[in-house]
Every structure is written in C-alpha cells, then in structure tokens.
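Summary of the model geometry
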Amino acid sequence: MSLGIRLNVTSNLTLTFHPQTTIRRTSDSTSIRPRSIYRSNPLILLRRTMSAIPSHKSSSSKIKSSLIEPDGGALVDRVVPESERAAKVLEVESMPKVSLTQIDLEWVHVISEGWASPLKGFMREDEYLQSLHFNCIRTKDGTIVNMSLPIVLAIDDEAKERIGASQNVGLVGPAGDLVGILRSIEIYKHNKEERIARTWGTTVPGLPYVEEVITPAGNWLIGGDLEVLKPIKYNDGLDHYRLSPRQLREEFDKRQADAVFAFQLRNPVHNGHALLMNDTRKRLLEMGYKNPILLLHPLGGYTKADDVPLDVRMEQHSKVLEDGVLDPETTIVAIFPSPMHYAGPTEVQWHAKARINAGANFYIVGRDPAGMGHPTEKRDLYDPDHGKKVLSMAPGLEKLNILPFRVAAYDMVEKKMAFFDPSRAKDFLFISGTKMRTYARNGENPPDGFMCSHGWNVLVRYYESLQAEEAAQEAAVLSA
C-alpha cells in the first residue's frame, strides 16, 4: 500500500504546497514510586535546541505551534495554581473521599493536562453515553469533537453510600495522598457489559484492560469537574519525558516547526519503524514543508503484562537516537500518559485525538493500530486495515491529516528493513512484536539490519534480568 495523505482544509487551517508554504491556525505533584523493573543509568532526554533555520516566511510572521487548534478551542488545564493549593487542601479535608487506583490516577493525569480537551473531568452520564454510542461528544456551541473512549471513574456501593448527597468529593491516590477534587458530581449506573461490548466490540474473556480495570471495578460511575492539587509526578527517572500538550506546543514553537507528525508505539523502535518515520518526513519535505518535526510518542500508561516495560522502551528509544537511526535535531521524544485499552479502531481514534491537543497536525497510522491477538483464537482481534480506514472517516478528526504508512518488512535479499514488494513476497520476513520479544527472551539475535545493535542490547539485558529474577523467585519458593 502506498503512503496516502488525507488533507482537510478548514477555515482555521490553510495549506499551500509551494516554496512559500504557510500554515495558519488561531492561537490560542502527586508522587508515585513504582519499583524499577529495569535497573540502568537515568535516561537523558535527547532534546537539542535547533540551530537557526532560515525562515521561509516574512520577518513579521512567526510560525506557531498552533498548527492545529485544540479540541474546544483552548487547552484544558485542571491543575490548581500554587497560590490556591493550601486553601484547596483545607477544603478537601472535610469532603467524602474516593480512592483512586493506579490506572485511575493515570486518567487524572490525562485529564488534568488537557489531552482529552475539552473534557474537564471524569464523564457525567450524558458525556459517557455520547462517547460510548457515538465515539464523540457535542460541545455547548454545537461543535462535534471526537471522544471514542469513555473516561470514567468507578466507585462501589460503599463509596456511593458514603458520598450521600454531597456535591463534591476528594480524590485520594494509591499512596494515600490527596490528589484532587471532583466537583458538582453525578453518580450513575456502571453497566459493565454494555461498556465492554461497545468499546471492544466483543465480550470475549481475556481482554487485558477489562480484566485489570473494569471487571473488578464498582457498579457505579462518578463524574464531575476535576481539580488537581499539583502536577502528577511518578519519580521514576522518566518525568522529564512527560511533556504536557502545552509544553509540546511550546517546543514545536522553539523548533519553528511548520508540520508536526506524531507516531505512537508501545513496542521498541526497530528499523522498519524508523524507515516509515524518515520516509514520512521526506514526503512532507517534498510537499513543500521546510521543517517537519517528528513527535515520537510512546504510550506510558497501563500496558499488558507481556509488553516491554516503559523504562526499558525509553532507554531503547534513546539508543535509537544516539545511533543516528532517527535524527535528534528533528525528533522530539516524549511520553503519552494514557493507559492502553487494546480496543483497536475505537481506541486509535482516542490516540489521534489526543495528538491534536498536543499540537500535531499529521498522525501516522499503520497495521492493526491499538490491536492485539484474539484472546481465545489464533487470529487478530480486529481487521488490521480497519484502524486506518476508521481514522479517515471518524467524526471530529477532520482537521487532522492521517498518514497511513506503507508496510515494512525485513528484506532477506538486501538484509535490511524495506517497504514490502508484493512482486517478490517470498524475499520478505515479517517480524511481529511478539516474535521480536521471543528473540530477545531466548537470547537470539534478529536478522542483521532489523534493529540498531545498542537498542537491541537494551532488550536482551532486560530479558536476562527478568529471567534471573524469575529464577531467584522459583528458588526461594522451592527452599521455603
């Protein structure tokens, strides 16, 4: 499949593809200390200041990070100003409390920084129903914005009774610290079966997010306007990668980006990924853009147990830039804090929508985005082509340019990752994320040219440490 680009020209976005290219748009700590899974030196954020780039615009015109307007027209920021925190803490002491799980806290992080703009808190019932049934919500001015995943907070019967007639509740983090306030609350029924069926398109057992989050959750949902007492921090050595949408937009300004193309992944970067990202930049340059910037944006919230942990992935990504597989001068590496649902075409809309709010006006999508293998059958859970097709039609995403990428595989003749050529299909080897992890777990090397050597060594060391830890645990059990 060749690279296709869907361009949507609106009153807020002007695209002119010739040397005078212009893009215009209207302008617009909670601590968690998880045990480190992979012990290594602290990661160094590879963000270099771009050297002066000759401008192709007049000196009176400045390129804005507002290449694309955030949903709702302005980024939501639900973090309480420092000057007001002491008063808010006193106020929340007298409120009924709701305890948050680790994944609830990740959603607090997402909402507070504006990734889900214009959403200002956990969904009330009308927002939930629109999201669940229409994959979008209608704002007060009648605008349709994409919102394909319900962002909700579940509570049990005991918490509901404790809240009673209170209009506001305090939110308590997994470590027992006060996180924030939910105001003007609404409590409504949590129909789990309906939520699962409409989000995943199936109720088959074995869906990771369902088993981890929804099944054990309470039978009620509580919505309201969120106030977060201080920025969410994880204290895991990676917080410097967790750039908010506002920070990303500022960084795009500093680098004088005239296009930002986002690439999400939850696996280590191999040379096929790099081929796709570098090819996308080349095509944007051919279209007349002068300084396209890549947002390499790995998912940093909940992932299933057999995925490579975030700290390992971030170290691997840093090696990819250090080895020059991707250019640090034109690449921003940051963490997207959302939990992963593995809900295929439904979820990929959320991933794209959040990047609009971060300031990206191009989104790269490939095979089976946000998908997974079927939990009980030997097949993909979703049609691998449906994700990119859905993105090209999804309501509320019209202003985002979708870049479906060409299929890359390992060329056994050229001994490198290359775009798949159907005319000599027998020369290509497809190496899935599962196969890649199996290589590393078994201490086998992938074919030469599949991944940069320093990046591959990060994965090998991780699996060696994991096997050593498992062996020690087994020995402890046997000796007990």
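Everything quoted here is computed from the prediction, not taken from an experiment.

Broken down by element type, the protein chain carries 13 helices and 15 strands. Out of the 480 residues in the protein chain, the part that is buried amounts to 55%. By element, 50% of the accessible surface of the protein chain is carried by carbon and sulfur atoms, the whole surface being about 20900 Å².

Between its first and last C-alpha, helix 8 (residues 271-286) extends 22 Å over 16 residues, near the 22 Å set by a 1.5 Å rise per residue. Within the sequence span of helix 8, burial applies to Gly272, His273, Ala274, Leu276, Met277, Asp279, Thr280, Arg281 and Leu284. Against the buried residues of helix 8 lie strand 8 (259-263), strand 9 (292-296), strand 11 (362-365), strand 12 (401-404), strand 13 (408-411) and strand 14 (416-419). Following helix 8 by one or two positions, glycine 288 has its phi on the positive side, about 115°.

Helix 13 (residues 453-479) packs onto helix 9 (residues 310-322) with a crossing angle of 160° between their chain directions and a minimal axis gap of 7 Å. Classified by the interaxial angle, the pair formed by helix 9 and helix 13 is roughly antiparallel. Between helix 9 and helix 13 lies a crossing whose hand is right-handed. Residue-level inspection shows Val312, Glu315, Gln316 and Lys319 of helix 9 in contact with helix 13, the latter providing His454, Gly455, Val458, Leu459, Arg461 and Tyr462.

Spatially, 14-13-15 is the arrangement adopted by the three strands of the open sheet, whose pairing is antiparallel. Strands with a single pairing partner mark the edges of an open sheet, and in this sheet they are strand 14 and strand 15 (428-429). Of the strand pairs in this sheet, strand 13 and strand 14 are connected by four bridges, and their pairing is antiparallel. Across the sheet, alanine 409 pairs through a bridge with alanine 418, a residue of strand 14. Docked against the sheet, helix 8 engages strand 13 and strand 14, running at close to 45° with respect to strand 14.

The parallel open sheet is built from five strands, whose spatial order is 10-9-8-11-12. A single partner strand is all that each edge strand has here, and the edge strands are strand 10 (331-333) and strand 12. Strand after strand, the sheet turns through a mean of 25° between neighbouring axes, direction not considered. The strands touched by helix 7 (residues 245-254) within the sheet are strand 8, strand 9 and strand 10, with strand 10 carrying the most contacts at an inclination of about 160°. Across the face of the sheet, helix 10 (residues 344-358) comes into contact with strand 8 and strand 11 while running at roughly 155° to strand 11.

Our next topic: the environment of tyrosine 234. With respect to the secondary-structure elements, tyrosine 234 resides in the loop between strand 7 (220-228) and helix 7. Only 2.9 Å separates the side chain of tyrosine 234 from the side chain of histidine 109, close enough to count as a polar contact.

This part takes up the confidence of the model for the protein chain. In this model, the protein chain carries a mean pLDDT of 87, and residues with pLDDT of at least 70 account for 86%. Residue range residues 1-65 is modelled with pLDDT below 50. Its contacts to residues more than four positions away, or to other chains, number 166 contacts.

Moving on, we come to the side chain of arginine 249. For arginine 249, the position within the fold is in helix 7. At a separation of 3.0 Å, a polar atom in the side chain of arginine 249 contacts the main-chain carbonyl oxygen of asparagine 357.

Between helix 7 and helix 10, whose axes approach to 8 Å, the crossing angle comes to 60°. Comparing the axis directions of helix 7 and helix 10 gives the class oblique. Contacts between helix 7 and helix 10 involve Pro245, Leu248, Arg249 and Phe252 from the former and Ile356, Asn357 and Ala358 from the latter. Class assignment for the residues of the contact of helix 7 with helix 10 results in five nonpolar, one polar and one charged.

Taken as a whole and assessed by the stated rule, the structure comprises eleven aromatic pairs. Between tyrosine 289 and phenylalanine 362 the ring centres are 5.7 Å apart and the planes differ by 90°, which places this aromatic pair in the edge-to-face class. Note that tyrosine 289 is positioned in the loop between helix 8 and strand 9 and phenylalanine 362 in strand 11, a separation of 73 residues in sequence. For phenylalanine 362, a relative accessible area of 0% puts it in the buried group. With centroids separated by 5.2 Å and ring planes inclined at 70°, the aromatic side chains of phenylalanine 420 and phenylalanine 428 adopt a geometry described as edge-to-face. Phenylalanine 420 gets classed as partly exposed once you look at its relative accessible area, which sits at 27%.

Definitions and limits used
- Along each chain, the written sequence defines residue order, and numbers are assigned to residues from 1.
- Reporting in this predicted model follows two pLDDT cut-offs: at least 70 for local features of residues, and 80 or more for side-chain atom pairs to be given and counted; totals over whole chains, interfaces and linings ignore these cut-offs and use all residues.
- For the side-chain quantities, the full set of heavy atoms in the structure was used; hydrogens and water were omitted.
- Runs of H or I in DSSP of at least four residues are treated as helices and runs of E of at least two as strands, each being numbered from the N terminus.
- Three labels apply to residues, based on accessible area from a 1.4 Å probe with only protein chains included: buried if under 20% of the type maximum, exposed if over 50%, partly exposed otherwise in between.
- Calculation of accessible area relied on Shrake-Rupley with a 1.4 Å probe; when residues are assessed, cover is drawn exclusively from the protein chains displayed.
- A helix's residues, less one, multiplied by 1.5 Å, set its expected span.
- In what follows, a contact means two residues having at least one pair of non-hydrogen atoms within 4.5 Å.
- Fitted lines through C-alpha atoms serve as axes, helices being fitted only where they are in contact, and the angles separating the N-to-C directions of these axes extend from 0 to 180 degrees.
- In these notes the angle categories are as follows: under 35 degrees is roughly parallel, over 145 is roughly antiparallel, 65 to 115 is roughly perpendicular, and the rest is oblique.
- Crossing handedness: left-handed means the near helix sits turned counterclockwise from the far one by under a right angle, and right-handed means the same turn made clockwise.
- Should DSSP find at least two bridges between two strands, the strands are taken to pair.
- Polar contact criterion, stated in full: a pair of N or O atoms within 3.5 Å, where within protein one must be able to donate a hydrogen and the other to accept it, and residues adjacent in sequence count only if both atoms are side-chain atoms.
- Confidence of the predictor in every single residue is expressed as pLDDT, which spans 0 to 100.
- Put simply, Ala, Val, Leu, Ile, Met, Phe, Trp, Tyr, Cys and Pro go in the nonpolar bin, Asp, Glu, Lys and Arg in the charged bin, and everything else, Gly too, in the polar bin.
- Note on aromatic pairs: the rings of Phe, Tyr and Trp (six-membered ring only in Trp) are paired at centre separations within 6.5 Å, and the planes decide the class, stacked below 30 degrees, edge-to-face beyond 60, tilted for the rest.

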